[in-house]
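Working through the structure, step by step
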Amino acid sequence: MAPQSPPPTSSTLEPVATLSPATLSGSPAWAASFSIDGKYLAACFGNPNTCIKVWEHRPPPLNSISGGKKSGKRSNKAENAGIAIATIEEEGEQNLGEEWALIATIREEHTRTVRSVAFAPTSSTLGVPILATASFDGKVLIWEHYPDDANNYAAEGENAEGSDNPYFEPIAQLEGHENEVKCLAWNATGSLLASCGRDKTVWVWECFLPGTIGGSETPSNDPIFVDPNRREGGQDQGEFECLAVLQGHDGDVKSICFGPSHGQWGEGEEVLFSASYDNTVKVWAEESGDWYCAATLGADAVPQSMPNAAEEPVSKGPVHASTVWCLGLAPSGVRLFSGSEDGSLAIWRMYTAAERRRLFPRAANRSSTDGLWNCVGKLPDAHSGYAVLDVDCAPSRAGHGRIASGGGDNGINIYREETAEGSGGLDTPKFAIEAMAVEAHAGDVNCVRWHPRDGTCLVSCGDDGAVKFWKYRRG
């Protein structure tokens, strides 16, 4: 394998902690998800040791930081409880010392590889984190975590690493996929959950979570599985109802994500993107309660033309020549990234209906009220010719246009958008590698995720079974 040359910048991406070490058992780490407040992190693993691990962020005690340098001390409570602690060492940076405690290892319920995990965006507001998991066994499970139970368990001296998960409990089982479920995505409010899989479908579920609209007052008419008496007091634990089964892809659906509609597609406030083995990305929108395919991206990139152009614009051809593995949406919701087996990372921009009619007069019916997603750039060799397996956009506080990608070259790349004069602007953006982690894992990098509140921190999962924390330092 010929790794890429280091970028000509002083920015770096450095490993600072390994939450789950590489294993010799052959169980890959597939995906990771932070809770919206950054307090919890979940990761899922494949066969033969299928499980879900959950860590909790625990700031170090004040007496463990001295002179801006971590002393390496741990609280007696954690030490006595036998909880596995990963410490992020930060020389000379007092505010960055962190500890992540493994609080649960979930081995029950799923019978095959767990491929995706996703915390609901309501975790911090509810006070009860809710986690969705998807497996090759065809099931989607919803779990609730009870911190009080966790604290009591730790106080009793139990070891979370060896436990059978004493304080994560399944509250719902969503069934419908014919076989392997590959990815999960919540919408911004936690009112919708989408799942996709090998059966070429995308399922959209309406969620009535405790503390959200309809959560405790509007029960589903056809709950898939809810046991209201599983906890003392019989409190409402949320219900789920299938709204739509979306069919249109010609191959496995690999990745999904929600984004704002910006009033350009349907009547809903959000659209849903799906990436597939058929080399395309589809945009799904909601109209009068029904979901429909609003656009298919990837068959052809539409070139811009002036309204007075004399000739029909010539198509640029397919954007991706192979499976689209991953999607990443910018915080603004007007830029989308897609990574492919062909080694390319494509950049898409959203145009309003008015912009579409002005800039792309022959692209579609000019009377249409729909906007347009168009490919405005591409990194054809993002990971030295290897597949781009995951991409994630940094939170807004990280700065303009910064993304991370993981690939089949075992590496992680950090890109920044060049904003200097002559960079190209919104219609022809230019991205450059700002930092790299060559051989970040001893195998494919399956997942990269930025911390939701810290634009300098991200986590990665690899085929080697490792889950690692990284620190991005801008030069």
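The text that follows walks through the structure, step by step, so that each part is easy to find.

Reading the values: the criteria
Residue positions are counted from 1 within each chain, in the order its sequence is given. In keeping with the model being predicted, local features are shown solely for residues with a pLDDT of at least 70 and side-chain atom pairs are shown and tallied solely at 80 or more, while totals for entire chains, interfaces and linings include all residues. Computation of side-chain values covers all heavy atoms of the structure but excludes hydrogens and water. Strands are runs of DSSP state E lasting at least 2 residues, helices are runs of H or I lasting at least 4, and numbering of each runs from the N terminus. Relative accessible area decides the class of each residue, using a 1.4 Å probe on protein chains only: under 20% of the type maximum gives buried, over 50% gives exposed, and in between gives partly exposed. Here, two residues are considered to be in contact whenever any of their heavy atoms come within 4.5 Å of each other. Per-residue accessibility takes into account occlusion by the displayed protein chains alone, with areas from the Shrake-Rupley method and a 1.4 Å probe. Each pair of strands is called paired provided DSSP finds at least two bridges between the two strands. The axes are straight lines fitted to the C-alpha atoms, using for helices just the contacting stretch, and the angles between their N-to-C directions are given from 0 to 180°. Two N or O atoms form a polar contact when they lie within 3.5 Å of each other; inside protein one atom must be a possible hydrogen donor and the other a possible acceptor, and for residues adjacent in sequence the pair counts only when both atoms belong to side chains. When a carboxyl oxygen of Asp or Glu lies within 4 Å of a side-chain nitrogen of Lys or Arg, that pair is called a salt bridge.

Quick word on the overall build of the protein chain
Helix and strand counts for the protein chain come out as 4 helices and 31 strands. Looking at the protein chain as a whole, 57% of its 475 residues qualify as buried. Across the protein chain, every contact between residues at least 6 apart in sequence was considered, and the portion connecting residues at least 24 apart equals 60%. When the accessible area of the protein chain is evaluated, it comes to approximately 19500 Å², of which 47% is carbon and sulfur surface.

Let's talk about the sheet that holds strand β18 (residues 270-276)
Strand pairing in a sheet is mediated by backbone hydrogen bonds. Such pairs are either parallel or antiparallel. The strand order β17-β18-β19-β20 describes an open sheet built from 4 strands, whose pairing is antiparallel. On the outer flanks of this sheet lie β17 (253-260) and β20 (290-297), each paired with one strand and no other. Strand-to-strand twist in this sheet, taken as the mean axis angle between neighbours without regard to direction, amounts to 25 degrees. Pairing of strand β19 (residues 281-287) with β20 involves 7 bridges; the strand directions are antiparallel. Pairing of Lys282 across the sheet is with Thr296, part of β20.

Observations concerning the pairing of strand β25 (residues 388-393)
Counting buried positions along β25 gives 6 out of 6 residues, so the element sits mostly inside the fold. Note that β25 and strand β26 (residues 402-407) share 5 bridges and pair antiparallel. Paired with Cys393 across the two strands is Ile403, which belongs to β26.

Topic: the sheet that holds strand β13 (residues 181-186)
Judged by pairing direction, the sheet is antiparallel, and its 4 strands sit side by side in the order β13-β14-β15-β16 without closing on themselves. Every interior strand has two partners, whereas the edge strands, β13 and β16 (239-247), have only one. Neighbouring strand axes in the sheet, compared pairwise and without regard to direction, differ in orientation by 20 degrees on average. Sheet topology places strand β14 (residues 192-197) next to strand β15 (residues 201-208); 5 bridges connect them, and they run antiparallel.

Focus on the environment of Lys378
Structurally, Lys378 is set in strand β24 (residues 372-379). On the basis of relative accessible area, Lys378 is assigned to the partly exposed category, the value being 37%. Residues Lys378 and Trp348, spaced 30 residues apart in sequence, show a C-alpha to C-alpha distance of 8.8 Å. Lys378 has contacts with Pro318, Val319, Ser344, Leu345, Ala346 and Ile347, leaving out every residue within four places of it along the chain. Engagement of the side chain of Lys378 in a polar contact is seen with the backbone oxygen of Val319, the distance being 2.6 Å.

Topic: the side chain of Lys254
Topologically, Lys254 is positioned in strand β17. Filtering out sequence-adjacent residues up to four positions away, Lys254 remains in contact with Lys182, Cys183, Cys196, Ala275, Ser276, Tyr277, Thr323, Val324 and Trp325.

Quick notes on the pattern of salt bridges
Using the criterion set out here, one finds 13 salt bridges in the structure. Put simply, Lys39 and Glu56 hold a salt bridge, and the shortest N to O gap is 3.6 Å. Taken as a pair, Lys39 in the loop between β2 (29-34) and β3 (40-45) and Glu56 in strand β4 (residues 51-57) lie far apart in primary sequence, 17 residues in all. Judged by its relative accessible area of 10%, Glu56 is buried. Put simply, Glu180 and Arg198 hold a salt bridge, and the shortest N to O gap is 3.5 Å. Note that Glu180 is positioned in the loop between β12 (168-175) and β13 and Arg198 in the loop between β14 and β15, a separation of 18 residues in sequence. Judged by relative accessible area, Arg198 falls into the partly exposed class, the value being 43%.

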